[in-house]
Each structure stands twice: as C-alpha cells, then as structure tokens.
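Analysis of the macromolecular model
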Amino acid sequence: MSAPAPANEDGSPEKPTQGGFRTMPFILANEICDRFATAGFNANLITYLTQQLHLPLVEASNLLTNFNGTAAFTPVLGAIVADSFAGRFWTIAGGGALYLLGMLGLVVSALAPALRPAPCAAAAATPPCQRASGGQLAMLYLPLLLTALGGGGIRPCVVAFGADQFGRRRERRPGGEQKWSYFNLYFFSMGLAVLLALTVVVYIQENVGWGWGFGIPAIAMFLSVLSFVAGYSLYVKVKPEGSPFKRLLQVVVAAFRKRKEDVPEDAGLLYHNKELDAPIAADGRLLHTEQLRFLDRAAVLTPGDVADSGEPDLWRVSTVHRVEELKSIVRMLPLWAASITLIAAASHNFTFAIQQARTMDRHLTRGFQVPPATMIIFTPLTTLATLALYDRAFVPLARRYTGRRAGITYFQRMGAGFAVSVLGVMAGALVETRRRGVAARNGLLDDKPGAAAVPMSVFWLVPQYALHGVSDALSTVGHMEFLYDQSPESMRSSAAALFWVAGSLGNYLGTVLVTVVQSASGGVWLQDNINRGRLDYYYWLVTFLLVLNLVYYIACFHFYTLKTFEVDGGDEAQRPRDGGGEQAGGDRQAELPCHGKVAASGNGVAAVSDGEKHMTSDQLY
C-alpha cells in the first residue's frame, strides 16, 4: 500500500505551489521580529526591575531566574498542543498573539504611573526609595506569564514548521530546495535579530525611556504575527495526528503487560498495521531495530489483542512503527544530554568574562572606554560569520570529498562544536592566568575591580568570545538538525521543545556547578575581587568537564542506532539520506539491484525489502 497523498491540517491536498523557499520571507520575518522582541525586552529587564520597580538585586535576580525557567519549559506544552490537535501553524499564530498581549501589558506597566512606584526621593528622605507593591508586581507577573506561554507556542514549532516546507516529497522535485540550509538560515536570522536588539533596544531603554524600550519590541511582535499569518496560503501545514505522548504511553503499558512474553527472533512476526500507521508515517514506516528489545514485547500478538473487526486494542498491542517511535526518543536522550552539560559548563563564562573585562584596559581612545558588557558582541558576530562561511564555503568544499549534500553529518557538526567549546574555555583560562599575573606584578591584587585597570588590553578576551561563537554555530545548529531528523515525524515539535529544555536544565545545572565550586574551594576561587580569586582554576575545571563531555558524546554516538524507515519503492527508491538528513548525491532516484522497498536513515543506512537485510549507502551506490 502506498503512503497517502500529503495533506494540510484542514485535510485539503497539498498543492505544488505550497512550501519551499517562497515561504521563507514570511517565516523568517516572523522569527526575526520575534527574536528582536524577545531579546529587546529580556536583555535589560534586570535594570527595569531594580531601577524602576526598586526591587532588591537578589529578589530581582530570583524573579528573572524563575521567569526564564518557566519560559524554557513552556515549549513542552506548546509542542503537545501542536502535535496533538492544533498543528504547528495555529500554535505559532496563537503563541504570537499571547506574546503580543504580554508585551502590550509591559508597555502599559512602563507608561502608567499607577503601575509603578514613585521615583526615588532625595537622599535625605527616609526611605529614599519605595519598592513596588503587590498589586504593581502582579501587573508585571501577568504580562511575563503571557510572554512565557506565547514563547512556548512559538519556540518548539517555528523551526519544525519551516523545515516542513522542505519535506521529503518536495525534496524529490527537480531543483528541490535544501532543507538543511534552512537551519543555517534560521539561526543566522535569529542571531542577527538578537544582535540588533542588544545594540538598539538596550540603548533606547537606557537613554530614551522604558515606554519606547518596551514599545519597539511590542511593535516588532505585532509585525511578527502579521507577517506570519500573511503567508497562510503558501504554507504546507502538516496535519496533527493525535497526542504522540499517548502513543508512547500505550507502548510502555503494552510492553509492561507482556513483560513475560518471549520476543520472536523474526521481526516479521511482530504486529504491523500499515493502515493504522499511515497518518503518522507519511515519510515511511519506521523499521524494526535490535536495540531496546524489551519494548518489542508491546508488538507481540496475543489472544484478545485484536477484535474480530480487526481493530487493535492499543493499550494491549502496538505496531512496530509505534514501538520504534519510542525507541527513537529513548535513543536520542543520551546525545541530547551532552548539550545540557555543554550549556551548564558555559552558562557563567560570559558573566565571569565581563568581570575580567571590567578590570582591564578598555580604552579605544584617550576619552572613550569600551563598556565591559559590550565585549559579548563578539560572540554573536562570530556566530553569524561562521554560519555564513559554513553554508557558502565549507559545505560546497566538504561535499566534494564526502559526497553528502550537507557536507558533513550533523553528528560531526555537533562534535566539532563540542571540541571548539573546549578551546574557548581553555582560552579563557590562559588569558585569566596572564591577566592575574600582570595584576600581581603591578601590585593590583587587592584593588577592587575597576579601581585601577590592569595594564592589559581588554581585546585579549576576543579569542574566547569568538571561539564560543564558533561553537554555537556548530553545536547549536547541529543539535537542532539532529533532533528534527532523528525524532519521529509526528513528534518534531516535541523534539524541538527538547532543544529549549536543554537550555533551561543547562543553566540550572550551571548554577549548581558554581555553588559546588564555591563551597569546595571555601570561597577562594570565585571572589568579588577576581584579582585575588582563582578564576583561572575554575576555567581549567570547566575545561576538564568539557573534555569528559566530548568523550561521553563520542561514546554515545558510537552506540547510537539511526532510525530506518520505508520509502515509496517498487523497483526504484530514493537514495538513503546522509548524515545531514539529505539524500546523498542529489535528488535523482537510483536503480537498486533488488525489488521491494528501501529504508532510509539519517546516516545513509538502508534496509531492503522486509527490513532484515541492512547495508550502507556505500554498498548500494
């Protein structure tokens, strides 16, 4: 039975004029405006809380930590809504509307005098400042909650929605677009928007006023929603097929019920149902893999599993495709966890690096000094440059040697990013050792940061910032490519949510790391006066942890099994995908030395006919 024709969320057939790069102006305009708005109001929110609402620094910091933690987990809710019933288009549109309402609430709170405490009185007054009341804070919490919920609808869906426009069938058309170039373009646009917000919006907030400081991001968010909805007729809108989490739970329950059943050696004896799986397997049914065989018990047929009408009880038996969906998610988790460690190790790099910059010579001219926080701009600048060079220079060059449309696999890209992150922290450790030595030779160890500049140029910090930018361009994009390609097609929004959850867990784990180091070192390594502290020791510790993380990643990759799935066959089949999710060697079809169907995977692994015979793409082509 052939796979059903592609259809949109509303059941209408997918048209040839839908999808492809024609949709990119609308999707990327949405994402640029969204990122600009998010970075614009987030970047300097600590200043608003402390200077406008007069909150103590610790309380303001905790408020932002709680908000960022909540905002990082709401993508899980958005992914469930998108994959279960709403679809990615309406989840993004609804999330954008909620985000816009939240931004408008922040604008109102910044402009209405009744929603803010009175300005600080003269120094002689007691007390000089009145903190925001409970009601005023509530009027802040509500908009923040709306932005968190809105971001939860946008973040897990927009990357997958954009990649949907370059699905497998569209890739087979002559001159088909490159889905994996889209990921580079997406992150490049995101970085450009963040860079613009950090320079323009922050300046307006500091020098013009908070009404305009929040108002400009709100206007950007309005344009984001408007531009996205305007492209409605051009989009491919993949129809959701029910909650993927319910299917996963059904597999677990069925496997537990049959925990005493023997799994047959012949995978063909397990339960298959093409008609049942067709709505959730448009790209092709997942084929059986040998890992996690205890889950195969869910696909063992026993009396009573299937009614006389042929309707299966999915709490008693699952198809091989559904079992493999769960296997795919479980297999992804160890590699996904490697990114958590990377984010945890790097979560405080920029904070401490800014403290380094504050102690160094920051003069560009005799009368102008570079603000310490401005040095962070070298990270997004390097990320943007790396993404551009990677897509336009490195990929064409690598393609000549590897034969892969993506140049190298996303596994190699992630591994390269992890390796560069080691070099970035190592550079920070070497520079800090030199900086502290210069401070000691000049008798500045006991000076407070900024009291007297260490005679060493602040631009010594550029290499570590730049290396972190290169690492982001490699590991972050590779991580998203991996999650998209290796997740079951019906769970791609949920897989994208994992990307954001990794960031949240990484930051929380980074806080734990600093707390442990502070306690274990007796407060010696990390001090307010970094001239007297041993920040270089902390950097070397993080370097060691990142080396361990790289070894862990390589080990996980070594034991990783790529998903394999059937594609429309007959006597012809698509070339199996390469490690970047692309078809190796172009969009043309190739004659096989056998009949039946071919299973394609993210690494070019193929399975012929019944899925028992596996061979690499090199053996086939």
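We now turn to the structure provided with this report. This is a predicted model, so every value here is computed, not measured.

**Observations regarding the overall build of the protein**
Assigned secondary structure in the protein consists of 17 helices and 10 strands. By the burial criterion, 54% of the 621 residues in the protein qualify as buried. Long-range contacts, defined here as pairs at least 24 residues apart, represent 80% of the contacts in the protein between residues at least 6 apart.

**Description of the packing of aromatic side chains**
What the rule picks out here adds up to 21 aromatic pairs. Sitting over the face of the ring of Tyr232, Lys237 holds its NZ or CZ atom 4.2 Å from the ring centroid. Over the face of the ring belonging to Phe256 we find Arg259, whose NZ or CZ atom lies 4.2 Å from the ring centre.

**A word on a nonpolar patch on the surface**
The grouping of Leu77, Ile80, Leu98, Leu101, Leu104, Leu142, Leu145, Leu149 and Phe245 at the surface amounts to a nonpolar patch, some 750 Å² of accessible area in total. Elements supplying a minimum of two residues to the nonpolar patch: α3 (57-111) and α4 (134-164). It is α3 that contributes the most residues to the nonpolar patch, five residues altogether. Within the secondary structure, Leu145 sits in helix α4. Taking the relative accessible area as the measure of exposure, Leu145 reaches 42% and is therefore partly exposed.

**Let's talk about the pattern of salt bridges**
In the structure shown here, the tally under the stated rule is 11 salt bridges. Across the pair Glu481 and Arg413 runs a salt bridge, and its minimum N-O distance is 3.6 Å. Highlighted residues: Glu481 in helix α14 (residues 462-486) and Arg413 in helix α13 (residues 410-441), separated in sequence by 68 residues. Taken individually, Glu481 and Arg413 each receive the classification buried, so the pair is uniform in this respect. One network of salt bridges, in which partners are shared, links Asp296, Glu324, Lys327 and Arg331.

**Some points on the environment of Gln291**
Mapped onto the elements of the fold, Gln291 is located in the loop between α9 (274-277) and α10 (320-346). Residue classification places Gln291 among the partly exposed positions, given a relative accessible area of 26%. Separated by 270 residues in the primary sequence, Gln291 and Thr561 have C-alpha atoms spaced 7.7 Å apart. For Gln291, the residues in contact, after removing those within four places along its chain, are Lys327, Arg331, Phe559 and Thr561.

**Section: the nonpolar core**
Within the largest apolar cluster, 124 residues are counted, with the highest numbers of intra-cluster contacts made by Tyr48, Leu49, Phe482 and Tyr538. Setting aside residues up to four positions removed in sequence, Phe482 forms contacts with Met332, Leu335, Trp336, Tyr410, Phe411, Met414, Ser487 and Tyr560. Membership of the second largest hydrophobic core comes to six residues, among which are Tyr390, Val395, Ala398 and Ile408.

**Quick word on the side chain of Arg331**
Structurally, the position occupied by Arg331 is in helix α10. Residue Arg331 is classed as buried on the basis of its relative accessible area of 8%. Only 3.1 Å separates the side chain of Arg331 from the side chain of Thr289, close enough to count as a polar contact. Look past the residues within four positions of Arg331 in its chain and what remains in contact with it is Thr289, Gln291, Leu292, Glu324, Tyr560, Thr561, Leu562 and Lys563.

**What about α4?**
Compared with an ideal rise of 1.5 Å per residue, which puts 31 residues at 45 Å, α4 spans 45 Å between its outermost C-alpha atoms and is within 8% of the ideal. Along α4, the helix axis deviates most sharply at Cys157, where the bend reaches about 40°. The element α4 is largely enclosed, with a buried count of 22 among its 31 residues.

**Re the environment of Val300**
On the secondary structure map, Val300 appears in the loop between α9 and α10. C-alpha of Val300 to C-alpha of Ala267: the two residues are 33 residues apart in sequence and 9.7 Å apart in space.

**Regarding the packing of helix α12 (residues 378-402) against α14**
With their axes 7 Å apart at the nearest point, α12 and α14 run at an angle of 50° to one another. Here α12 is positioned oblique relative to α14, judged by the angle of their axes. Here α12 and α14 pass one another in a crossing that is right-handed. In this structure, α12 uses Phe378, Thr379, Thr382, Thr383, Thr386, Leu387 and Tyr390 to contact α14, whose residues at the interface are Val462, Tyr465, Ala466, His468, Gly469, Val470, Asp472, Ala473, Leu474 and Val477. Looking at side-chain class alone, the contact of α12 with α14 contains 10 nonpolar, six polar and one charged residues.

Conventions we followed
- Residues numbered from 1 in each chain as written.
- Predicted model: local features only at pLDDT ≥ 70, side-chain atom pairs only at ≥ 80, totals over all residues.
- Heavy atoms only, no water.
- Helix = DSSP H or I, 4+ residues; strand = E, 2+ residues; numbered from the N terminus.
- Buried < 20%, exposed > 50% of the residue type's maximum accessible area, 1.4 Å probe, protein only.
- Contact = heavy atoms within 4.5 Å.
- Phe/Tyr/Trp six-rings, centres within 6.5 Å; stacked < 30°, edge-to-face > 60°.
- Lys NZ or Arg CZ within 6 Å of the ring centre and 35° of its normal.
- Patch = residues over 30% accessible without salt bridge, like charges linked within 9 Å, V, L, I, M, F, W, Y side chains within 5 Å.
- Areas by Shrake-Rupley, 256 points an atom, 1.4 Å probe, with all protein chains shown as cover.
- Salt bridge = Lys/Arg side-chain N within 4 Å of Asp/Glu carboxyl O.
- Core = buried A, V, L, I, M, F, W, Y, C linked by side-chain atoms within 4.5 Å.
- Polar contact = N/O pair within 3.5 Å; in protein donor to acceptor, adjacent residues only side chain to side chain.
- Expected span 1.5 Å × (residues − 1).
- Bend = angle between axes of the 7 residues up to and from the residue.
- Axes fitted to C-alpha atoms, helices over the stretch in contact; angles between N-to-C directions.
- Parallel < 35°, antiparallel > 145°, perpendicular 65-115°, else oblique.
- Left-handed = near helix turned anticlockwise from the far one by under 90°.
- Nonpolar A, V, L, I, M, F, W, Y, C, P; charged D, E, K, R; others polar.

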